[in-house]
Amino acid sequence: MVGRLFLAAGLLLAGLALPAAAEAPRRVLSMNLCTDQLALMLAAPGQMVSVSYLAQDPTASAMAVEAGRLPVNHGLAEEIFLAQPDLVLAGAWSTPETVRLLERLGIAVEVFPIETDIAGIRANIRRMGEVLGREPQARAMLARFDADLARLTDGQDPRPRAALYMANGYSAGRDSLAGQIVDLAGFDNVADELGLPSGGVLALESLLLSDPDLLIEGRRYDGHARAQEMLEHPALRALSRGKPAQVISDPDWICGNPHILRAVAELRDARLALRDAP
Amino acid sequence: MTRPRLLFAGLAALVAALFLASLLTGPAGVGPGESLAALFGGGDDLLGLVMRELRLPRAILGLLVGAALGMAGAVLQGFLRNPLAEPGLIGTSASAALGAVLAIQTGLSAAFPLGLPLAALAGAGLSVLLVLALAGPRGGTLALILAGIAISALAGAATSLVLNLSPNPFAINEIVFWMMGSLADRSMLHVWIAAPFMMLGFALLWPLRRGLEALTLGEDAAASSGVNLGRLRLMLVAGIAALIGGATAVAGTVGFVGLVVPHVLRRAVGASPARLVPASALGGAATVLAADIAVRLIAPGRDLKLGVLTALVGAPFFLHLILKTRREGL
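Residues numbered from 1 in each chain as written. Chains lettered and ligands numbered in written order. Predicted model: local features only at pLDDT ≥ 70, side-chain atom pairs only at ≥ 80, totals over all residues. Heavy atoms only, no water.

Q: How should I be thinking about a positive patch on the surface in this particular structure?
A: Residues and elements named next belong to chain B. There is a patch of like positive charges on the surface, built from R267, K324, R326 and R327. Mapped onto the elements, R267 comes out in the loop between α13 (257–266) and α14 (273–298). By relative accessible area, R267 is classed as exposed at 75%. (Patch = residues over 30% accessible without salt bridge, like charges linked within 9 Å, V, L, I, M, F, W, Y side chains within 5 Å. Areas by Shrake-Rupley, 256 points an atom, 1.4 Å probe, with all protein chains shown as cover. Salt bridge = Lys/Arg side-chain N within 4 Å of Asp/Glu carboxyl O. Lys, Arg positive; Asp, Glu negative; His and termini not counted. Charge placed at Lys NZ, Arg CZ, Asp CG, Glu CD. Helix = DSSP H or I, 4+ residues; strand = E, 2+ residues; numbered from the N terminus. Buried < 20%, exposed > 50% of the residue type's maximum accessible area, 1.4 Å probe, protein only.)

Q: Help me out: how do you make sense of the sheet that holds strand β11 (residues 245–247) of chain A in this one?
A: Residues and elements named next belong to chain A. As summarised here, the arrangement of the four strands in space is β8-β6-β10-β11, forming an open sheet in which the pairing is parallel. Lying at the two open borders of the sheet, with one neighbouring strand each, are β8 (188–189) and β11. Sheet analysis places strand β10 (residues 214–217) next to β11, joined by three bridges and oriented parallel. If you follow E217 over to β11, its bridge partner there is V247. Sheet strands in contact with helix α8 (residues 177–184) are β6 (161–165), β8 and β10, and its direction is about 155° off that of β6. (Pairing = 2+ DSSP bridges. Contact = heavy atoms within 4.5 Å. Axes fitted to C-alpha atoms, helices over the stretch in contact; angles between N-to-C directions.)

Q: Is there a simple way to think about the packing of aromatic side chains in this case?
A: Think of a pair of aromatic rings as described by two things: how far the centres are apart, and how the planes are tilted against each other in angle. All names here are of chain B. Under the definition given, this model contains three aromatic pairs over all chains. Aromatic side chains F177 and W178 sit 4.8 Å apart centroid to centroid with 75° between the ring planes, which places their arrangement in the edge-to-face category. In terms of burial, F177 and W178 fall into one category: buried. The residue whose ring lies beneath R209 is W206, and the NZ or CZ to ring-centre distance is 4.0 Å. (Phe/Tyr/Trp six-rings, centres within 6.5 Å; stacked < 30°, edge-to-face > 60°. Lys NZ or Arg CZ within 6 Å of the ring centre and 35° of its normal.)

Q: Would you mind showing me how to read the UniProt feature "transmembrane region" (unreviewed entry) in chain B here?
A: Under the local residue numbering, the UniProt record ascribes the feature "transmembrane region" (unreviewed entry) to residues 56–76, 88–108, 114–135, 142–163, 189–208, 234–261, 281–299 and 306–323 of chain B. Between the end C-alpha atoms of residues 56–76 of chain B the distance is 30 Å, and the span holds 100% helix and 0% strand. (UniProt positions renumbered as here; feature names shortened; annotations may be inferred.)

Q: What should I look at first to understand the interface of chain B and chain A in this one?
A: The figure often quoted for interface size is the accessible area lost as the parts come together. At the interface, 30 residues of chain B touch 26 residues of chain A. Carbon and sulfur atoms make up 64% of the surface buried where chain B meets chain A, a total of about 2,200 Å² over both sides. Linking chain B with chain A are two salt bridges. In this structure, E229(A) and R186(B) form a salt bridge, with 3.2 Å as the shortest nitrogen-oxygen distance. Across the contact surface, chain B and chain A share seven residue pairs in polar contact (both at pLDDT 80 or more). Every element with two or more residues in the side of chain B that touches chain A is listed here: α3 (45–80), α4 (92–105) and α8 (174–180) of chain B. (Buried area = accessible area lost by both parts, 1.4 Å probe. Polar contact = N/O pair within 3.5 Å; in protein donor to acceptor, adjacent residues only side chain to side chain.)

Q: What is the right way to read the confidence of the model for chain A from this model?
A: In low-pLDDT regions, the fine details of the predicted coordinates are not to be read closely. Residues of chain A with pLDDT of at least 70 account for 92%, and the chain-wide mean is 87. Below a pLDDT of 50 lies the segment residues 5–21 of chain A, which in the model reaches six contacts outside its immediate sequence neighbourhood of four places, other chains included. (pLDDT = per-residue confidence, 0-100.)

Q: What is the right way to look at the confidence of the model for chain B in this model?
A: Residue-level pLDDT values for chain B average 90, and 97% of them are 70 or greater. In the predicted complex, the global pTM is 0.82; the interface-specific ipTM is 0.72.

Q: Quick question: what am I supposed to make of the sheet that holds strand β3 (residues 72–73) of chain A here?
A: Two orientations exist for strands paired in a sheet by backbone hydrogen bonds: parallel and antiparallel. All names here are of chain A. Across the sheet, five strands lie side by side as β3-β2-β1-β4-β5; this open sheet has parallel pairing. Looking at the sheet topology across the chains shown, the edges are occupied by β3 and β5 (109–112). Note: strand β2 (residues 48–52) against β3, two bridges, orientation parallel. Considered in β3, the bridge of S52 is made with N73. Taken strand by strand, helix α2 (residues 33–42) contacts β1 (28–30), β2, β4 (87–91) and β5, and its axis lies near 145° from that of β2.

Q: How do you make sense of the domain arrangement of chain A when you look at a structure like this?
A: Residues and elements named next belong to chain A. With domains assigned, chain A is organised as domain 1 (2–148) and domain 2 (161–276). Placing a centre on the C-alpha atoms of domain 1 and another on those of domain 2 gives a separation of 31 Å. Of the roughly 1,400 Å² buried where domain 1 meets domain 2, counting both sides, 70% is carbon and sulfur surface. On inspection of domain 1 and its partner domain 2, the count reaches zero salt bridges. At the boundary of domain 1 with domain 2, the tally comes to one residue pair in polar contact (both at pLDDT 80 or more). Among the secondary structure elements, those contributing two or more residues to the side of domain 1 that touches domain 2 are α2, α6 (118–132) and α7 (135–152). The greatest single-element share of the side of domain 1 that touches domain 2, amounting to five residues, is contributed by α2. (Domains from an automatic or database assignment.)

Okay, structure coming up:
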């Protein structure tokens, strides 16, 4: 107990004594799916000691293979403390109690905000480069990201109308990351027309009457759920009959990082196909 | 003789009006004339789809589920001669929900569409038999309510467990649906699945009216006037199971309708069980249709559960009944 306190105090002093940018952290632990992926893309070999268990789940993570080489954590203060990281990366949705507890134990925690637009993604990439001491890599990633984005978003008229429709009838508009992906791919979003810019439940009948050019459906998980049953509703099937429908591939849609460009590219192809169709 | 007839005509008109209102209620905000034209095949294609595939099944299910709940309540109260008997309170609805959830999660309902209502029916039937065995043929109030609480708790816990163990991350959200009930986004498929079972239930319970009338004089008097109590009991269990199984399989658990409706109508039909059964079916249909319109008006787009409204009205009423029962020393 006393030893633990001394250790905590020692870590606290060490943290205070070191100027922030003096030296790159050597043992970095990430406890959030989105910081996991950004850190894996930017960190030096051997710099990461652990990622969250979600990073290894191929249904949620775009980097499950890379994450599979590292031990995982479940965001619990005890296991994180025992891994002795010198920097913990957390997301804005990480449990605040855990983050506060880790800070009291003298572990440096960097909390990254949720990215909902390009500016937010760029800011997080830049900041990840700073905290990992990998600024040159971050700058290179930004340059590549900007170039890819510019290539994907040129010449966008006419803009057809798309609707996102996910489990529980959830839809999202321009104030969400999913809405940004739709917008970047050159679509106007039905959720914005219907007053759901940051997301919400879209009544099935409002969706039907909005008559979108492209329906982007949430992915279906194994097992049965009523939340997902509505994706099979005969009325929705009738709407999408003879029309293109895209399915959201979650790993590219959840976190704001360069992987979203894969989702943008896929939707852009769907838009070009719509334009070329008679 | 004219008073009950007037009551039936009034209730039928109310149900018809509410059915129409249910068809015309929705977030799309389209005029009534245009909506009805679209329902019968004219007008815009998409609006026709909305009317025929979304609003029509919702209104039909509201009507059928409400009638099933009201009728089941009236029959149970008449048979047990206990004013607190109701499918929700004695655990029938919760057990039907457990049967339905088991059918869905084991894949039975996907392999064979009638598996869903059949499993719900089996759950409802077992729980009615269990309650009748636990509470005894006379259905003493305390034993009846305690048995109902235990069965409801057990079925609710098992339902939550099954949904927790599902591999699907969204399945757990459904616990609320099975406990509180909803008619949102139902399709004609649900009508075809549930309607035959509810029809069977109506057909089984309808001829029991004479027997229930005779039972008001006591079991011996009923038996001596030619009522076969064993057969009555069997038909009652089968009929309640078919009604509640069918209703719960597609709409979840909607509580208190079977409790409140027979009480409100009892005096108007002169306390006659024979007249109370059809009156409660109409009253139940009106209640659920009205509640389903209200959830769409109060919180559009949020899928407020039907059971929330019926419990807000029904639970205080239930407390009032308990006080009344205690005063009467039952």
